[in-house]
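Next come the chains, spelled out residue by residue.
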Amino acid sequence: MEETNSKTPLLAVEHLKKYFEIRQGFSKKLFVHAVDDVSFSIQKGETLGLVGESGCGKTTLGRTILRLTEPTDGKILYNGTCINDVDMRPYRQKMQIVFQDPYASLDPRLTVSAIIGEALDINGKAGSKQERQEKILHLMKLVGLSENFYNRYPHEFSGGQRQRIGIARALAVDPEFLVCDEPVSALDVSIQAQVINMLEELQKSRHLTYLFIAHDLSVVRHISDRVAVLYLGHLVELAPCDALYRNPIHPYTDMLLSAVPIPDPDESEKRKRKILQGEIPSPINPPSGCPFRTRCPYADDECAASFPELTDRGGGHFAACHKR
Ligand SMILES: Nc1ncnc2c1ncn2[C@@H]1O[C@H](COP(=O)(O)OP(=O)(O)O)[C@@H](O)[C@H]1O
Ligand code: SF4
Ligand SMILES: [Mg+2]
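Scoring rules and cut-offs
- Residues numbered from 1 in each chain as written.
- Chains lettered and ligands numbered in written order.
- Predicted model: local features only at pLDDT ≥ 70, side-chain atom pairs only at ≥ 80, totals over all residues.
- Helix = DSSP H or I, 4+ residues; strand = E, 2+ residues; numbered from the N terminus.
- Rg over C-alpha atoms; globule rule 2.2 N^0.38 Å.
- Buried ≥ 20, exposed ≤ 12 C-beta atoms within 10 Å, placed from the backbone.
- Contact = placed C-beta atoms within 7 Å.
- Near = placed C-beta within 6 Å.
- Nonpolar A, V, L, I, M, F, W, Y, C, P; charged D, E, K, R; others polar.
- Pairing = 2+ DSSP bridges.

Undergrad: Tell me about the overall build of the chain, and please be specific about residues and values.
TA: Within the chain, the regular secondary structure consists of 11 helices and 12 strands. Rg of the C-alpha trace for the chain: 21 Å, near the compact-globule value of 20 Å for 324 residues, within the 12% margin. Projecting the C-alpha coordinates of the chain onto the three principal axes gives extents of approximately 70 × 55 × 45 Å. The buried share among the 324 residues of the chain stands at 40%. Put simply, 65% of the contacts in the chain that link residues at least 6 apart link residues at least 24 apart.

Okay, structure coming up:
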């Protein structure tokens with residue numbers, strides 16, 4: 001989708017922070033720096049991919065945007081309006097989430113129709129009994145579930161089908177913006193493409209805007225217009241999809257890409273394989289200076305001494321590194 005910089009983004013975050021307070025022993029207060037000073041925007045109809053290893057703050061970022069957890073600092077703007085302190089009820093219909101775990105996110109005691117119907121009821125979208133049933137059947141059809149499944153329970157379904165139920169539930173309120181939190185990570189690779197293709201088709205037909213989270217760069221490549229890379233709660237690179245995969249700037253993006261199989265042998269040849277080394281530092285005691293310096297092959301004294309800000313490298317490509 002084309003960049004429309006002159007238009008108000010559907011979603012923007014400015015210097016967003018989420019620190020979790022935890023206690024060690026009786027007195028000592030510690031903070032988990034789960035999301036640390038993150039800024040970006042998403043245009044209407046766009047898909048922003050968000051990637052990073054497990055624990056880097058992706059889910060927390062998604063949940064904070066939806067105010068399922070409150071930000072520690074910074075702003076969340078929806079269609080130009082700051083929603084930090086507003087009553088979220090009207091926004092709950094506009095902003096929805098598809099969860100990572102299709103097994104844990106559906107109430108096992110409810111049938112498919114009850115799960116989707118509940119979302120309609122909560123948001124006052126059900127209408128008469130007959131309208132409600134028609135809406136449920138329409139939503140089931142939309143996500144490729146046979147109407148024969150109307151009275152079935154989640155345990156009777158495969159992971160892919162359960163994720164379709166979760167997507168139907170999110171779509172029940174006719175949202176504009178969806179946080180897809182690793183919607184295919186728990187699914188077999190053969191099923192992943194089906195669900196991603198369906199989300200792409202739904203995006204077109206329902207004019208949706210996505211924040212699409214994954215831990216693997218190969219998953220977001222096809223669906224994203226731009227990709228943001230998160231490391232230890234910090235945005236380290238943000239670029240149009242093609243630019244990020246062809247010309248990664250940040251050493252961490254490089255490492256994530258080296259873990260992705262590449263179909264094009266020329267491209268593969270150009271890229272030195274760098275295996276992700278070392279452990280992610282604790283977000284309770286992040287390193288001084290650059291958060292990536294403990295794993296970075298290019299780190300030097302400057303990297304330990306000063307924090308690299310995200311800077312504009314041209315063509316909408318941003319990176320946070322002193323050396324590259
Ligand atoms: N409710 C919480 N209380 C304390 N720490 C949390 C909480 N939720 C997440 N965290 C921590 O915040 C960091 C980011 O977690 P998360 O957002 O789940 O990462 P990701 O989705 O990228 O795997 C992790 O270190 C995690 O342990
Ligand atoms: S700032 Fe230094 S440590 Fe951080 S990614 Fe760049 S070279 Fe590596
Ligand atoms: Mg997560």
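Anyway, onward from the coordinates.
Undergrad: Provide a residue-level description of unusual backbone geometry, including the pertinent values.
TA: Here the phi dihedral of His-15 falls at roughly 50 degrees; this positive angle occurs in a residue that is not glycine. Note that His-15 resides in strand E1 (residues 11–24). Using a count of 12 C-beta atoms within 10 Å as the deciding quantity, one classes His-15 as exposed. The backbone of Asp-37 shows a phi angle near 60 degrees, a positive value even though the residue is not glycine. Take Asp-37: it is sitting in strand E2 (residues 28–42). Look at Asp-37 and you get partly exposed, because 17 C-beta atoms sit within 10 Å.

Undergrad: Which residues make up the site of ligand 1, and what are the values?
TA: Close to ligand 1 lie 13 residues; Phe-20, Ala-34, Lys-58, Thr-59 and Thr-60 are nearest. Listed by contribution, the elements that provide at least two residues to the shell around ligand 1 are E1, E2 and helix H1 (58–65). In terms of residue count, the dominant contributor to the shell around ligand 1 is H1 (3 residues). For the shell around ligand 1, a count of residues per class yields 6 nonpolar, 6 polar and 1 charged.

Undergrad: So what's going on with the pairing of E1? Which residues, and what values?
TA: For E1 and E2, the ladder comprises 11 bridges, and the chain directions are antiparallel. Note on E2: the bridge partner recorded for Leu-16 is Val-38. Between E1 and the antiparallel strand that follows it, E2, lie 3 residues; Gly-25 among them carries a positive phi value of about 70 degrees. The pairing of E1 with strand E4 (residues 73–78) spans 5 bridges and is antiparallel. Paired with Lys-17 across the two strands is Asp-73, which belongs to E4.

Undergrad: Which residues make up the pairing of strand E9 (residues 226–231), and what values go with them?
TA: Summarising burial for E9: 6 of the 6 residues are buried, a large majority. Pairing geometry for strand E3 (residues 47–51) and E9, over 4 bridges, is parallel. Its bridge partner lying in E9, Gly-49 is registered against Val-227. With 6 bridges joining them, E9 and strand E10 (residues 234–240) adopt antiparallel strand pairing. Bridged to Val-229 within E10 is Glu-237. The turn joining E9 and E10, which pair antiparallel and follow one another in sequence, is formed by 2 residues; a positive phi near 50 degrees is taken by Leu-232.

Undergrad: Residues and numbers for the sheet that holds E1, please.
TA: Here 4 strands make up an open sheet; going across it, the order is E2-E1-E4-E5 and the pairing antiparallel. On the outer flanks of this sheet lie E2 and strand E5 (81–82), each paired with one strand and no other.

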